[in-house]
Amino acid sequence: MSDARWETVDHYIEHLLVRRDAGMEAALRESAAAGLPTIQVSPLQGKSLQLLVASLGVRRVLEIGTLGGYSAIWMARALPSHGRIVTLEADPRHAEVARSNFARARVSEKIEVRVGPALKTLPDLAREGGEPFDLVFIDADKPNTAAYFDWAMRLARPGAVIVVDNVVRQGALADPSNPDSSVRGMRRFLERVAAEPRAEGTVVQTVGAKGYDGFALVRVAPPTPSPAEPDESKRPRVG
Ligand code: SAH
Ligand code: DHB
Ligand code: MG
């Protein structure tokens, strides 16, 4: 499913609103030269992620699915100097290309790449008990999306935002009999969101240079001050 106008309009907007960035352009070039699949976010989608990072005041990002690091560079550009991205990648070749792209784009000190299947590296992150994440971008193997969402709920702070790419799948999402494991994975993920009392979500359908698809936006419930619990700041301290 495609329409020439989708790409034409994407390019029109891109030329108006997206400033050239040598680091990002090099990342695209080097990723293609290394034979990586060209399935990174489009420039306009990358800029959407960047605006989310900037407008939410995000300091810590978790990304699942690095590829050549293009989406991570978009987000890194909007982080404060103490901001950090942890990005998870199963394929060591992709991780290596991403690391050299990060160096060229001068964002290496903000981005940590962890190599291995995310279902292996996510439990490590939980065990290490680092600071929670303000934004999670899920964009890896689609059949595991529901499991990644569960980990995101665990690793994100209250009030955090979870973005999930490639949810609509040319409309296949709405077909309950579609046997494709990615479609089924996205349906399972959305059912999980629906059943999760600590999350509110929506899906934005998109057309553009990458065809017909869409992304999910999920907000983790913000902290609710419970009347039963005294305010932490007013509790008398002992010791
Ligand atoms: N976010 C990137 C695109 C990611 S493409 C961008 O927009 O620039 C999806 C990536 O997920 C691929 O690099 C693929 O190797 C990786 N991936 C696939 N299965 C994975 C898994 N089980 N764990 C972690 N990464 C995985
Ligand atoms: C594929 C993966 C993506 O994350 C994407 O945005 C487009 C395509 C893929 O695996 O084909
Ligand atoms: Mg994607």
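The preceding data block contains the structure.
Residues numbered from 1 in each chain as written. Chains lettered and ligands numbered in written order. Predicted model: local features only at pLDDT ≥ 70, side-chain atom pairs only at ≥ 80, totals over all residues. Heavy atoms only, no water.

Asker: Summarise the site of ligand 2; cite the residues concerned and give the values.
Answerer: Around ligand 2 sit Ile-39, Asp-139, Lys-142, Asp-165, Asn-166 and Lys-210, and that is every residue in its neighbourhood. One nitrogen or oxygen atom from the side chain of Lys-142 is found 3.1 Å from an oxygen atom belonging to ligand 2. For ligand 2, whose accessible area on its own is 290 Å², the fraction buried by protein is 63%. Classifying every residue of the shell around ligand 2 by side-chain character gives 1 nonpolar, 1 polar and 4 charged. (Near = heavy atom within 4 Å. Polar contact = N/O pair within 3.5 Å; in protein donor to acceptor, adjacent residues only side chain to side chain. Areas by Shrake-Rupley, 256 points an atom, 1.4 Å probe, with all protein chains shown as cover. Nonpolar A, V, L, I, M, F, W, Y, C, P; charged D, E, K, R; others polar.)

Asker: How would you sum up the packing of helix α1 (residues 4-17) against helix α3 (residues 43-56)? Please name residues and give values.
Answerer: Where α1 contacts α3, the two axes come as close as 9 Å, and the packing angle between them is 50°. Taken together, the axes of α1 and α3 are oblique relative to one another. Two secondary-structure elements touch here, α1 through Asp-10, Ile-13, Glu-14 and Leu-17 and α3 through Pro-43, Leu-44 and Lys-47. Considered class by class, the residues forming the contact of α1 with α3 number 4 nonpolar, no polar and 3 charged. (Axes fitted to C-alpha atoms, helices over the stretch in contact; angles between N-to-C directions. Helix = DSSP H or I, 4+ residues; strand = E, 2+ residues; numbered from the N terminus. Parallel < 35°, antiparallel > 145°, perpendicular 65-115°, else oblique. Contact = heavy atoms within 4.5 Å.)

Asker: Mind laying out the environment of Val-18, listing which residues take part and the relevant values?
Answerer: Along the chain, the position of Val-18 falls in the loop between α1 and α2 (22-33). It is 20 Å that separates the C-alpha atoms of Val-18 and Asp-165, two residues lying 147 residues apart in sequence. For Val-18, the residues in contact, after removing those within four places along its chain, are Ile-13, Leu-44, Lys-47 and Trp-74.

Asker: I'd love a proper account of the coordination of the magnesium ion (ligand 3), names of residues and values included.
Answerer: Taken together, the protein ligands of the magnesium ion (ligand 3) are Asp-139 (OD), Asp-165 (OD) and Asn-166 (OD1), with distances of 2.1 to 2.2 Å. Of note, the magnesium ion (ligand 3) draws all its donor residues from one chain, in the sequence arrangement D-x25-D-N. Asp-165 gets classed as buried once you look at its relative accessible area, which sits at 8%. Under the relative-accessibility criterion, Asn-166 is labelled buried at 13%. (Donors = N, O, S within 2.8 Å, 3.2 Å for Na, K, Ca; no water. Buried < 20%, exposed > 50% of the residue type's maximum accessible area, 1.4 Å probe, protein only.)

Asker: Tell me about the packing of aromatic side chains, residues and numbers included.
Answerer: The relative placement of two aromatic rings is captured by the distance of their centres and the angle of their planes. Applying the stated rule across the entire model yields 2 aromatic pairs. Taken together, a centroid distance of 6.5 Å and an interplanar angle of 90° make the contact between Tyr-70 and Trp-74 edge-to-face. Of the two residues, Tyr-70 and Trp-74 are both situated in helix α4 (residues 70-76); the distance of 4 residues between them amounts to about one turn of the helix. Owing to a relative accessible area of 5%, Trp-74 belongs among the buried residues under this scheme. A ring pair is formed by Phe-149 and Phe-189, whose centres lie 5.5 Å apart and whose planes are at 70°; its orientation type is edge-to-face. Of this pair, Phe-149 sits in helix α7 (residues 145-155) while Phe-189 is found in helix α8 (residues 181-195), placing the two residues 40 residues apart along the sequence. As far as burial versus exposure is concerned, Phe-149 and Phe-189 are alike and both buried. The ring centre of Phe-133 lies 4.6 Å from the NZ or CZ of Arg-60, which sits over that ring. (Phe/Tyr/Trp six-rings, centres within 6.5 Å; stacked < 30°, edge-to-face > 60°. Lys NZ or Arg CZ within 6 Å of the ring centre and 35° of its normal.)

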